[in-house]
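Structural description and commentary
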Amino acid sequence: MKIEDTNLVGVKILTPVRHSDPRGFFSESWSKARMEAAGLRYDFVQDNHSMSVHVGTVRGLHFQSPPHAQAKLVRCGKGRLFDVAVDIRKGSPTFGQWVGVDLSFENGKQLLIPAGFLHGFITREPSTEIIYKCSDYFAPESDGAVRFDDPDLSIDWGLKEDAYLSEKDARAAFLKDFNSPFIWEGDA
Ligand SMILES: Cc1cn([C@H]2C[C@H](O)[C@@H](COP(=O)(O)OP(=O)(O)O[C@H]3O[C@H](C)C(=O)[C@H](O)[C@H]3O)O2)c(=O)[nH]c1=O
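Residues numbered from 1 in each chain as written. Predicted model: local features only at pLDDT ≥ 70, side-chain atom pairs only at ≥ 80, totals over all residues. Heavy atoms only, no water.

- The protein chain goes by dTDP-4-dehydrorhamnose 3,5-epimerase in an unreviewed UniProt entry, where it is assigned to Mesorhizobium australicum.
- As stated in UniProt under Pathway (unreviewed entry), the record for the protein chain gives "Carbohydrate biosynthesis; dTDP-L-rhamnose biosynthesis."
- The protein chain has a UniProt comment under Catalytic activity (unreviewed entry) that states "dTDP-4-dehydro-6-deoxy-alpha-D-glucose = dTDP-4-dehydro-beta-L-rhamnose". (UniProt positions renumbered as here; feature names shortened; annotations may be inferred.)

**What about the overall build of the protein chain?**
- Helix and strand counts for the protein chain stand at 2 helices and 15 strands.
- Its C-alpha atoms give the protein chain a radius of gyration of 16 Å, near enough to 16 Å, the size a compact globule of 188 residues would have.
- When its C-alpha atoms are laid out on the principal axes, the protein chain stretches across 55 × 40 × 30 Å.
- In the protein chain, which comprises 188 residues, the share counted as buried stands at 46%. (Helix = DSSP H or I, 4+ residues; strand = E, 2+ residues; numbered from the N terminus. Rg over C-alpha atoms; globule rule 2.2 N^0.38 Å. Buried < 20%, exposed > 50% of the residue type's maximum accessible area, 1.4 Å probe, protein only.)

**A short note on the sheet that holds strand 7 (residues 72–78)**
- The 6 strands are arranged 1-2-11-7-13-5 in an open sheet whose pairing can be described as antiparallel. The sheet terminates laterally at strand 1 (2–5) and strand 5 (46–52), the two strands that pair on one side only. Taking the axes of each pair of neighbouring strands and ignoring which way they run, one obtains an average angle of 25° across the sheet. (Pairing = 2+ DSSP bridges. Axes fitted to C-alpha atoms, helices over the stretch in contact; angles between N-to-C directions.)

**A look at the pattern of salt bridges**
- Under the counting rule described, the total for this entry stands at 13 salt bridges.
- Taking the shortest distance from any N to any O, the salt bridge between D43 and K32 comes out at 2.5 Å. On the criterion of sequence distance, the pair formed by D43 in the loop between helix 1 (32–37) and strand 5 and K32 in helix 1 is long-range, its members being 11 residues apart.
- Among the salt bridges present, the one from K168 reaches D143, with a minimum N-O distance of 2.9 Å. (Salt bridge = Lys/Arg side-chain N within 4 Å of Asp/Glu carboxyl O.)

**Here's the deal with the environment of L118**
- Relative to the assigned elements, L118 resides in strand 12 (residues 117–123).
- What makes L118 buried here is its relative accessible area of 0%.
- L118 sits 27 residues away from A145 along the chain, and the two C-alpha atoms are 7.8 Å apart.

**Some points on unusual backbone geometry**
- Here G60 and L61 are connected by a cis peptide whose omega angle stands at 0°.
- With respect to the element layout, L61 can be found in strand 6 (residues 58–64).
- A cis amide bond links P66 with the next residue in sequence, P67, at an omega value of 10°.
- Here P67 is to be found in the loop between strand 6 and strand 7.
- The backbone phi angle of S127 is positive, close to 55°, even though this residue is not glycine.

So this is what it looks like as structure tokens:
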């Protein structure tokens with residue numbers, strides 16, 4: 001498994017090995033032992049899978065507050081998407097900074113996002129499917145969102161027309177009006 005750092009400490013790009021043969025390929029898409037051997041210790045408890053019909057669908061930017069904060073390991077099961085993480089840990093030297101990575105069925109890349117970060121994505125192909133592991137269960141009472149198009153974040157989504165948004169995302173808060181529940185504890 002290839003592991004690459006990003007500009008945000010703790011947010012990493014993982015690319016598992018694909019064993020190809022004339023039938024196609026086989027890949028161990030996740031191994032707890034292999035991640036722990038690389039010093040990446042996460043107890044994932046829930047797998048999520050969503051499909052978005054339209055190109056330009058944006059889901060995010062979301063988080064769950066402590067004690068139900070979620071670290072995520074995100075991959076694209078079908079199609080192509082641009083996956084984004086934003087540091088919202090108060091006191092962090094990279095607070096409000098973002099990283100975006102193209103994830104696709106073809107490239108097999110995965111984005112590892114610790115708790116304390118917003119997560120969102122935009123789809124680049126029709127019927128794109130995202131699959132991701134979460135380190136805590138769904139807790140709707142802890143759910144929070146920041147606007148994907150917040151000018152203080154200035155995320156380059158590569159949008160060519162209006163995004164397809166849920167009502168929740170269309171009315172999400174701006175970062176400046178948002179009191180993050182996360183505190184930076186120093187990066188290992
Ligand atoms: C997140 C979640 C949702 N749901 C139900 C609640 C709604 O009835 C329906 C759609 O939920 P929502 O509109 O919040 O789904 P997304 O907009 O894809 O939200 C996700 O998008 C971003 C990218 C994330 O990283 C989060 O996992 C999550 O916030 O699924 C569940 O039953 N369990 C869950 O864990």
